[in-house]
Each structure stands twice: as C-alpha cells, then as structure tokens.
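Residue-level structure breakdown
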Amino acid sequence: MLELYSGALDVPTILKRWYEEESPNNYGAYIPFIGTVRAEDGIEGLSFDIYEPILKSWFVAWEEKAAKMGAKVVMAHSIGDVMVHESSYIAAVFSPKRRVALELIDEYVEDFKASAPIWKYDIIGGERIYAKERSTQIKGSGLLGVKI
Amino acid sequence: MLELYSGALDVPTILKRWYEEESPNNYGAYIPFIGTVRAEDGIEGLSFDIYEPILKSWFVAWEEKAAKMGAKVVMAHSIGDVMVHESSYIAAVFSPKRRVALELIDEYVEDFKASAPIWKYDIIGGERIYAKERSTQIKGSGLLGVKI
Amino acid sequence: MVRIEFLGPIQRESLEIEAHTLGDVADILNQDQELKEWIATSAVAVNDTLVSSLDVVLKDGDKISLLPPVCGG
Amino acid sequence: MVRIEFLGPIQRESLEIEAHTLGDVADILNQDQELKEWIATSAVAVNDTLVSSLDVVLKDGDKISLLPPVCGG
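A few points about the interface of chain A and chain D
In this complex, chain A contributes 33 residues to the contact, which on the side of chain D involves 35 residues. When the two sides are added together, the surface that chain A and chain D hide from each other amounts to roughly 2,600 Å², 65% of it contributed by carbon and sulfur. Across the pair Lys132 of chain A and Glu37 of chain D runs a salt bridge, and its minimum N-O distance is 2.7 Å. Here chain A is connected to chain D by 15 residue pairs in polar contact (both at pLDDT 80 or more). Grouping the amino acids of the side of chain A that touches chain D by side-chain chemistry returns 17 nonpolar, ten polar and six charged.

This is how it looks when you write it as structure tokens:
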C-alpha cells in the first residue's frame, strides 16, 4: 500500500487504519516511522514533488523484498505543501518477528531517503526553494555527464 | 511517560495521544514499536506480571539517556491477560533526527527485552504457564547461586 | 531481619530472615532444594536496586528481591 | 524521436530529440550550458526504469527522464 496525499498527513487516522487492517494477519511487530516538519532555518514549511511511476516501482521492489521475510511494508507521503509541525511521511513495517521488523524499518527508511524520486523545497516567505544541500544523488547519477 | 494498563492496549488511541502531545515539540521523527500477541503454539493469549519499582528505575535511566541525545522515550505495557491479535506493548522514540531515532528504537526495545522486570505466561486452556524457554536472565543473574 | 521477596513465576511467599550480607542470604536460601534452580537463574535487587556483588552489607528492614528470567513485550 | 523529461526542480519543458543511444542524448543535452550542472548530478530513467549504462538502445517514442538529487520524507 503506497498512499499519496495532497498536503499534510492525518497521522492518527492512517496509523489506526493500518493497525486495524493488519490486526487479523498475525504480525507480532508493527513499526511506523513518522516524519514531521521541524521548525528550523526560518522555514514556514516544506513542499514536495513526487514522480509517481518510479516511486511505485521502488515501492513494489520493497514489497517483494519484505514478503520474502514474511513481512509487509506500507507508506504514506505528502505531495505539495506541509507546514511546520505537520507530518509528510509515514513508512511502516509489519513482521512476525521483532528483529526482522527493527532491521527492515532502518533499511527501508534509509533506502527511501537515498532513492525515492521525491524532491523537497523549503517554503520561505511563501517562496519554494529547492533543498539542494540536503538532497542526495540517486545511485548512478551523472551518467549523461561529460567525461573529464 | 511509562503507562501500565490492565489488559490489552488501545493502540490507536495511545499512538494518537502521544503524537498530539509531542507535535509542538519540534521532533522530526516519531517511531513507535507495537507488539501484538501472535496466534502460535495453540495459545489463547499471554499474561504479564510486572514489578513496577524496578521497571520505573529502568525507564528513568532510559529517559536520561535519550534526553542526552535530545530525544524522548515513552512506553505502554499491559498487566494481566492479553488475547491473540491484541497488543501488549508500545515503546516509542521521539527525536529531532532520523538516525538517532532509528538507532535508539532498536537499542531501547532490545534492552527492554533483556532487562525489564516483566514475566510472560502463555494462556492455554485457561491456565497460565510461565514462558520459561522464551525468557532471558537479567544481566548478573545467578549471584546467589552455589559456587561450583 | 531482612525480607526476601520472590517475583513473577517463583510463586513463594516472602520470607523474613536474619542476614548481614548477601552471602548470608545465599547460604540460607540454597538450603531449600526447590529454590536452587530459581536462585541459579535469578537477578538480585536490594531495596529495588539491582546488585552485582555478594559483598553488599544489609541493614535491618532491607528488602531483597529475586528476579527470575524476564520476557516483556 | 525520443522525449526528454526534466523532473522536480530542473524546471525545463520536455524536449523531443532525435537519438539512437543514451550517448546521443548526452551529446545533445551537454550542449546546453545551463543543463550541465543538472546532468552531472542526475540519474537517468528510460521508460520509467533507472539505467546505469550509456549503451541502452533507444527506439522511437521512448521517454528519457532526468532525476536530480532527491530528498523525500
């Protein structure tokens, strides 16, 4: 389940729905990671662009990887503006076993940060400024660059 | 915040309350770990005894450790009977930063499993049977044992 | 007199005994064959603080707790 | 003809160009000085699959996407 929302996430409602949907499925561990916009550097909020086709393939690959361990991954993410102290991101793992869940959530969140085709902008004075310094090149970037 | 409940936890309500309480506090990452009773080995449920004075000291030590990293830990646990597919345990970390949160939740949950003075019983045919094989000796156990 | 409490699954009533060190407590408890297995696998707290040495000096009214193997969550 | 799409912050309209390999695409795009910095830091997808070699053979109607550095969450 990959869920994209316009604007901030309704975190309690999403966490509750996922919990209740998976309750009958005998997972012993449920670990959501909730990302919230911090007030820092004078920003009013963040804004997000998403390229859905590649995000979906990235997510399907993770679903398959989790399934091999008997686990399940889900994700919710915002598109557009999310103000300070609102949340833009929930990634969660369900697993029969604790160790698998704790290791998967770490790897899943880190791989998301490194690879998911999502671009972040600071909102300052109503302007949308690409968060270049905090962004990460996807593995293999620069392929079309001039050879030096 | 260490919360003890008689019977199963109302997971959505606890997750929502914690989320809303910490919303103004500028944490960028919130990671709850939710433990649910799995249907296995024919059990009807699990039952828990807690020794509160030592659980409280263990928890206060973790609060202090988390505070040094700018983070916060919370916990909810059941006392008594929790049936299959109900939840008995939520441990959560709030942190400004993602890496701190991901590392703390792992260490916090594992230390809880190894050290928290809580005893687990399988409920089978209405009987309460100590889960001896799944239990872990607290560090330093056997101090009063006969020297061989 | 000190009080010995048995936690969780040990299922014993607490005891009042005369003891000046944890070594004394060990000597007395190990005379009980049924307790030996629990003693070998239990941690020990004095007044709700876990201890790691037998040299703890006890005073009148101290509480000694035996904590058998745990499994929270 | 293949179509080049610039994602996220690159802020360019998509282009239609004649190209038979990704090498051809590289040659054409690098003539644009303003694009060079983006090209040096962007990943490349052909028909929504990320690629890691310039030797990909392109066919008419293929979509090539440039993905600049990401920061989700």
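Once the structure has been displayed, the description carries forward.
Here's the deal with the pattern of salt bridges
If the charged atoms of two oppositely charged side chains come close together, the side chains can form a pair. This model, assessed by the stated rule, comprises 38 salt bridges over all chains. Across the salt bridge formed by Arg99 of chain A and Glu103 of chain A, the nearest N and O atoms sit 3.1 Å from each other. Here the residue Arg99 of chain A and the residue Glu103 of chain A both occupy positions in helix α3 (residues 98-115), the gap between them amounting to four residues, near one helical turn. For Lys72 of chain B, the salt bridge goes to Glu22 of chain B, with nearest N and O atoms at 3.0 Å. Separated by 50 residues along the polypeptide, Lys72 of chain B in strand β4 (residues 72-83) and Glu22 of chain B in helix α1 (residues 11-22) bring together distant segments of the chain. Look at Glu22 of chain B and you get buried, because its relative accessible area is 7%. Among the charged side chains, a salt-bridge network with shared partners connects Arg98, Arg99 and Glu103 of chain A together with Asp106 and Glu110 of chain B.

What about the relation of the copies chain A and chain B?
When chain A is fitted to chain B, the best match, at an RMSD of 0.0 Å, comes from turning it 180° and sliding it 0.0 Å along the axis. What the rotation and shift describe, once combined, is the action of a two-fold rotation axis. For chain A, the smallest separation between a C-alpha atom and the rotation axis is recorded for Pro32 of chain A, amounting to 3.1 Å. A share of 100% of the interface residues of chain A reappears at the interface of chain B, consistent with the copies meeting face to face through the same patch.

Quick word on the interface of chain A and chain B
Taken together, the 35 residues of chain A in the interface contact 35 residues of chain B. Summed over both partners, the interface of chain A with chain B comes to about 3,100 Å²; 53% of that surface belongs to carbon and sulfur atoms. It is Tyr19, Asn26 and Arg38 of chain A that lose the most area in chain A upon contact with chain B, and together they represent 20% of the buried surface on that side. At the boundary of chain A and chain B, one finds six salt bridges. Across the pair Glu110 of chain A and Arg98 of chain B runs a salt bridge whose closest N-O atoms are separated by 2.9 Å. Counting every contact that joins chain A to chain B gives 18 residue pairs in polar contact (both at pLDDT 80 or more). Residues of the side of chain A that touches chain B, tallied by class, amount to 18 nonpolar, seven polar and ten charged.

Conventions and cut-offs
The residue numbers shown here count from 1 along each chain, following its written sequence. Lettering for chains starts from A, numbering for ligands starts from 1, and both go in the order in which the items are written. For a predicted model such as this one, the threshold for reporting local features is a pLDDT of at least 70, and the threshold for listing and counting side-chain atom pairs is 80 or more; totals across whole chains, interfaces and linings nevertheless cover every residue. Hydrogens and waters are ignored; side-chain quantities use all the structure's heavy atoms. By definition in these notes, contact holds between two residues if any of their heavy atoms fall within 4.5 Å. Values labelled buried area give the accessible surface lost by two parts on being combined, using a 1.4 Å probe and summing over both. Any carboxyl oxygen of Asp or Glu that lies within 4 Å of a side-chain nitrogen of Lys or Arg is treated as forming a salt bridge with it. Here a polar contact is recorded for every N or O atom pair within 3.5 Å, except that within protein the pair must consist of a potential hydrogen donor and a potential acceptor, and residues adjacent in sequence are included only if both atoms are side-chain atoms. Under the grouping applied here, Gly and all other residues not named as nonpolar or charged are polar, the nonpolar ones being Ala, Val, Leu, Ile, Met, Phe, Trp, Tyr, Cys and Pro and the charged ones Asp, Glu, Lys and Arg. What counts as a helix is a DSSP run of H or I of at least four residues, what counts as a strand is a run of E of at least two, and both are numbered from the N terminus. Burial here depends on accessible area, computed with a 1.4 Å probe over protein chains only, as a share of the maximum for the residue type. Under 20% is buried, over 50% is exposed, and the range in between is partly exposed. Least-squares fitting of one copy onto the other uses the C-alpha atoms of those residues that reach a pLDDT of at least 70 in both copies.

Nothing here speaks to function; it is all geometry.
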